[in-house]
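Structural description and commentary
Each chain is listed here by its residues.
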Amino acid sequence: MKEISLIKHAKGALGLRVFGLGPNLKPTNGLIKLQKLLDTNAFWAKNRTINDLKKCLANSDVVISLWVGKEIVGFGRALTDGIYRGVLWDIVIDQNHQGKGFGTLIVKNLLSSKKIKNTKKLYLMTTNKKLFYSQFDFKEVTSQNLLIREI
């Protein structure tokens, strides 16, 4: 069995973003592998460019990646003001590794991170995983409307 590694990246994920580091701080083309993970497993993250992923990571407060051997199989990130509001983004598990508790591992690590754990209200959007997120006390809200501005 290959080793499972959960990486709690520093703010901005410099190692992953600039050097492509994976487990044990070794170069693994991590950014290219992240791009492939998102492109293959999340319809809403298809065709993200390497440059856009670099910007995305650079501006993220919390970044978690999950690896089996030298392959990235899970990812999640969060943004927050550290007290009032935060948002979980881009939580993805490779379809070949779903059902193994990896999503739970990523979400628990995001929620327990120093920047997120005391944030009063956390938001997330999901298309079809409402039941999964309910185990972490996320609830559907009907008193607010989701508004989107796209460019």
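Before reading further, recall that the structure is shown in the block above.
In this report, we go over the structure that sits alongside the text. (Residues numbered from 1 in each chain as written. Predicted model: local features only at pLDDT ≥ 70, side-chain atom pairs only at ≥ 80, totals over all residues. Heavy atoms only, no water.)

1. A closer look at the overall build of the protein chain
Along its length, the protein chain carries five helices and five strands. Traced from its N-terminal end to its C-terminal end, the protein chain shows the element sequence β-α-α-α-β-β-β-α-β-α. Radius of gyration (C-alpha) of the protein chain: 15 Å, near the 15 Å computed for a compact globule of 151 residues. Considered along the principal axes of its C-alpha atoms, the protein chain spans approximately 45 × 35 × 30 Å. (Helix = DSSP H or I, 4+ residues; strand = E, 2+ residues; numbered from the N terminus. Rg over C-alpha atoms; globule rule 2.2 N^0.38 Å.)

2. Details of the side chain of Thr119
When you line up the elements, Thr119 lands in the loop between helix H4 (102–111) and strand S5 (121–123). In terms of polar contacts, Thr119 uses its side chain to reach the backbone carbonyl oxygen of Lys115, at 3.3 Å. Aside from chain neighbours lying at most four places away, what touches Thr119 is Thr80, Gly82, Ile83, Tyr84, Arg85 and Gly86. (Polar contact = N/O pair within 3.5 Å; in protein donor to acceptor, adjacent residues only side chain to side chain. Contact = heavy atoms within 4.5 Å.)

3. What to know about the sheet that holds S5
In a beta sheet, neighbouring strands are held together by backbone hydrogen bonds and run either parallel or antiparallel to one another. With mixed pairing, five strands are arranged side by side in an open sheet as S1-S2-S3-S4-S5. The sheet is open, and its two borders are formed by strand S1 (4–9) and S5, each paired with just one other strand. Ignoring strand direction, the axes of neighbouring strands in this sheet form an average angle of 20°. With six bridges connecting them, strand S3 (residues 71–80) and strand S4 (residues 85–93) associate as antiparallel partners. Residue pairing across strands places Gly74 opposite Ile93, the latter belonging to S4. Each of S1, strand S2 (62–68), S3, S4 and S5 touches H4; the most contacted strand, S4, lies at about 160° to it. (Pairing = 2+ DSSP bridges. Axes fitted to C-alpha atoms, helices over the stretch in contact; angles between N-to-C directions.)

4. Description of the pattern of salt bridges
Per the stated rule, a full pass over the model turns up five salt bridges. Two residues, Lys33 and Glu71, come together in a salt bridge whose shortest N-O distance is 3.4 Å. With Lys33 in helix H2 (residues 30–41) and Glu71 in strand S3, this residue pair connects regions lying 38 residues apart in the sequence. Via salt bridges that share partners, Arg48, Arg77 and Asp90 belong to a single interconnected network. (Salt bridge = Lys/Arg side-chain N within 4 Å of Asp/Glu carboxyl O.)

5. As for the pairing of S1
Covered by surrounding structure in S1 are Ser5, Ile7 and His9 only, the residues Ile4, Leu6 and Lys8 on the alternate face being uncovered. Pairing of S1 with S2, which is carried by six bridges, proceeds in the antiparallel orientation. Along S2, the bridge assignment pairs Ile4 with Val68. (Buried < 20%, exposed > 50% of the residue type's maximum accessible area, 1.4 Å probe, protein only.)

6. Looking at helix H3 (residues 50–58)
Buried within H3 we find Leu53, Cys56 and Leu57. Down the axis, H3 shows its buried residues gathered within 95° of arc, on one side only. Summarising the geometry of H3, the exposed residues directed more than 90 degrees from the buried face are Asn51 and Lys55. Tucked inside the fold, the buried residues of H3 contact helix H1 (14–19), H2, S2, S3 and S4. (Arc of directions from axis to C-beta.)

7. Quick word on H2
Taking 1.5 Å as the rise per residue, H2 with 12 residues should run 16 Å; its terminal C-alpha atoms sit 16 Å apart, in good agreement. Turning to H2, its buried residues are Gly30, Leu31, Lys33, Leu34, Leu37, Leu38 and Asn41. When H2 is viewed along its axis, its buried side chains cluster within an angular range of 160° and face the same direction. Within H2, the exposed residues directed more than 90 degrees away from the buried face are Ile32 and Lys36. (Expected span 1.5 Å × (residues − 1).)

8. Things to note about the packing of aromatic side chains
The full count for this structure, using the stated rule, is three aromatic pairs. When the centroid spacing of 5.0 Å and the interplanar angle of 75° are considered together, the rings of Phe132 and Tyr133 count as edge-to-face. Taking the centre distance of 6.2 Å and the plane angle of 80° together, the rings of Tyr133 and Phe138 count as edge-to-face. Connected via pairs of aromatic rings, a cluster forms that spans Phe132, Tyr133, Phe136 and Phe138. (Phe/Tyr/Trp six-rings, centres within 6.5 Å; stacked < 30°, edge-to-face > 60°.)

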